[in-house]
Amino acid sequence: MAKKFAFILVIFVGLSCDSRSQSFTLYKKGKVIPVVKVNNADLHPLAEDLCDLFEQAAGMRPEIIEGNIPKGNPVIEIGYLKSREAEEYTFLFTQKKNDFIIEGADKESLYYANRKFFELYTTANQFNFNIKEEKLSEINIPRNLEYKFTPDFEYREPYFPQNFKEQFRRWNMTHTLDEEWGIWGHNINKAIKVTEPMLAIINGEVNEEQLCFSSPELKGALTDYIKNQIKENAKQSKYMIMPNDNALVCQCDRCKALGNTEKNASPAVFTLLNSLAKEFSDKQFFSTAYITTQQPPEFKLKENAGVMLSTMAFPKGVVIAQSSKKDFAEKQLSGWKSVTNTIYLWDYVVNFDNYLEVYPTVEIMQQNLQFYKSRGVTGVFMQGSEGTYSSFSDLKSYLYAQLLQDVNVSLERCMNTFFNENYIGVNDLLFDYYTNAERLALESKKAFDIYGGFNQAYDKYIEKSGFDLFYDRLIQRTDTLEVQKNKNLQKLLLGFTFQKLEMLRTKGIGVGGYAEKTEGGNIKIKPFTHTLFERLKKLKKQTGVEEYNESGLKLSDYITYWDEQILNGNYNNLLLNKKIQFLTPLDEDYPNGRMLTDGAVGFSDYYNNWLLISAEAPSIKIYTEDVASASTIKMNFLVDEKHRIYPPKEIRVEINGRQYGAEVVTKEGTYKATAIIPITLKEDDEAIIITIVKQPDYTKRPVACDELYFNKNI
């Protein structure tokens, strides 16, 4: 097996040798003009591609020759690797006599090799290729060069908007779902028409929510579908056969005979996988290690069958090898390694609750990819923000593409190149801030969930990153630049401004928050809050960015919430910043009851400013001396059925034996349910006990409350 990036340079050394004798001049303006040779008509598009690149970079277009080569001209020859060599490496550069030979395992390898040639031996790169004003005047390569390239992973996909572009994939040698997969994910139902004989048997009854993987009808339908795909799109060489996204396992006699249990569907799923792999030996078949298929089967998989292992159960935002889950991860990987040599990884590299949060985990991921590769992982699907913009998605697409080729690549060098080429005028500011954020996230041992609120990011890296100073400097710098000409910079500014507003919103009223309490007891919005809000509106209009998380939350709604509930809201609360006492346990992830009195208003996102309480009948104690003039209590609750967060049924209040209460009312079309309870306080009252009564059907589900208001009237 050839070593990856093996670079063998043979130099004939002599006392009189100079550097010029050690290099081969492939092109010199007006003097040395190469020709491109192809011996196979199938390779003509690759020759045209190389000539296109030459024309863009050097301002000249080599001639393509299929017959005799003119004497004196350097020759660039394009061809395929021999089958044995193609199994060992992806492409090969060779310099012999007057020839420079580019050989690849397949067409896509050659498209990449054409571009890698320019990156290695000229000042041109994928970022400046089409905009470089100064054309190349000379191209030299080492004499007797032999450069072999093999990427670290056979499948490489950074799932970001940039990877949907063909030229990005050709420059970075990445793959894409649409081109590679005939079936992907939980999509068997979309590929075939599911009939009753294909459905699972659960508790003796047909269940429409899951499939029966021992069903002959299911196998027949999948076989027909694959045959049709081969005719219509032969390039789609991979098929994922996985259960629907739930914990149901078919318990029919056939499935149980294969080894299925109530929690393990692997026996039937991988038996079907092996059967399809045997029938279509030139295609690849995968299932996932996920929910009911986490346990490897007790038999070997076919050579063209494998598993895609979800890292959902692995810790996020930390180095696996330094975590308490290292042994768990190794056991998972070794278990699958015992049944297959093809292990792909399904990993996650953004905050899916907030695409506009920087989520600087590339350096963490580099160490994790090194760990995974050493344990037998052969392919990686990096789930990013798909086709939706996320902060630094352009940078991350590039960095992950580089890492999936070479897990030891210098990220600092790559980041420096990227910012210098793409963010001229602010490259130094962005490079310094982003690399600092990456370093802080790497050094921190705190968790960094892929579904996490702003406070987690703040504790992980933002607090120590100097973000406020960076943001001010960036705004000052961009005021002097023609920002409208750089859409990516506008989008970054949008993300940073959103982050600033989230910082203010989660801090509530007081130090670091969006407003302050005046000496007279009134609430005053800070001027800077208005400035940020207007900037966000302007940048949203300029960029067209709308959705900012996986659930499809919209910036237009976010702006409306700010306008109506904060900037033009009426926040009066006698309990503001006062202490309250919980008489029932708080959740481990939500230990701070102060969230109900900090003025931090909740929007439709459950992960910021909402206190989630799982106790069956949560009770809160408030001392009357803090709210002596109050005549009403108001509580807002989140309505979020997607995340199974339901409002309570009613609120009950007890004051010195007196009973008050009100039902919780949900206004149609809103995400908040509200209860307003009139109360009467007397001089000898000492405490107020509030009990939240959940809906009978949801006593085991959490309720979410943002603020507990006490006022003279509502």
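As a starting point, this report considers the structure included with it. (Residues numbered from 1 in each chain as written. Predicted model: local features only at pLDDT ≥ 70, side-chain atom pairs only at ≥ 80, totals over all residues. Heavy atoms only, no water.)

## Here we look at the sheet that holds strand S14 (residues 238-240)
Sheet strands line up and pair through hydrogen bonds in the backbone, either parallel or antiparallel.
Then, in step 1: Pairing is parallel in the open sheet, where seven strands are placed in the order S10-S18-S17-S16-S15-S14-S11. On the outer flanks of this sheet lie strand S10 (155-159) and strand S11 (181-183), each paired with one strand and no other. Between one strand and the next, the sheet's axes are offset by a mean angle of 25°, whatever the strand orientation.
Then, in step 2: Both S11 and S14 contribute to a ladder of two bridges, which runs parallel. (Pairing = 2+ DSSP bridges. Helix = DSSP H or I, 4+ residues; strand = E, 2+ residues; numbered from the N terminus. Axes fitted to C-alpha atoms, helices over the stretch in contact; angles between N-to-C directions.)

## Comments concerning helix H12 (residues 393-405)
Then, in step 1: The first and last C-alpha atoms of H12 sit 18 Å apart over 13 residues, in line with the 18 Å expected at 1.5 Å per residue.
Then, in step 2: With 13 of 13 residues buried, H12 is to be regarded as a mostly interior element. (Expected span 1.5 Å × (residues − 1). Buried < 20%, exposed > 50% of the residue type's maximum accessible area, 1.4 Å probe, protein only.)

## Description of the nonpolar core
Then, in step 1: In terms of nonpolar packing, the biggest core is built from 186 residues, with Ile 690 and Phe 710 touching the most fellow members.
Then, in step 2: In terms of residue count, helix H17 (residues 487-507) provides more of this core than any other element does, nine residues in total.
Then, in step 3: If you look at the next biggest cluster of nonpolar residues, it comprises 39 residues, including Met 60, Ile 78, Phe 118 and Phe 129. (Core = buried A, V, L, I, M, F, W, Y, C linked by side-chain atoms within 4.5 Å.)

## Quick notes on the layout of surface pockets
Then, in step 1: In this structure, the largest pocket occupies an estimated 1300 Å³ of space.
Then, in step 2: In terms of lining residues, the largest pocket is bounded by 44 residues, among which Thr 90, Glu 154, Tyr 155, Arg 156 and His 175 are the most central.
Then, in step 3: Sorting the residues of the lining of the largest pocket by element identifies helix H2 (83-88), helix H3 (107-121), S10, helix H4 (166-172) and helix H5 (177-180) as the ones contributing at least two each.
Then, in step 4: Residues that form the lining of the largest pocket fall into these classes: twelve nonpolar, 13 polar and 19 charged.
Then, in step 5: Roughly 910 Å³ of internal volume is contained in the second largest pocket.
Then, in step 6: Lining the second largest pocket we find 28 residues, and of these Asn 455, Asp 589, Tyr 590, Met 595 and Tyr 607 sit closest to its centre.
Then, in step 7: Counting only elements with at least two residues in the lining of the second largest pocket, the list comes to helix H15 (454-462) and H17.
Then, in step 8: Sorting elements by how many residues they give to the lining of the second largest pocket places H15 first, with five residues. (1 Å grid on protein atoms, 1.4 Å probe; cavity = no way out; pocket = protein on both sides within 12 Å on 5 of 7 lines; lining within 4 Å. Points joined across faces, edges and corners; volume = space filled by probe spheres on them. Nonpolar A, V, L, I, M, F, W, Y, C, P; charged D, E, K, R; others polar.)

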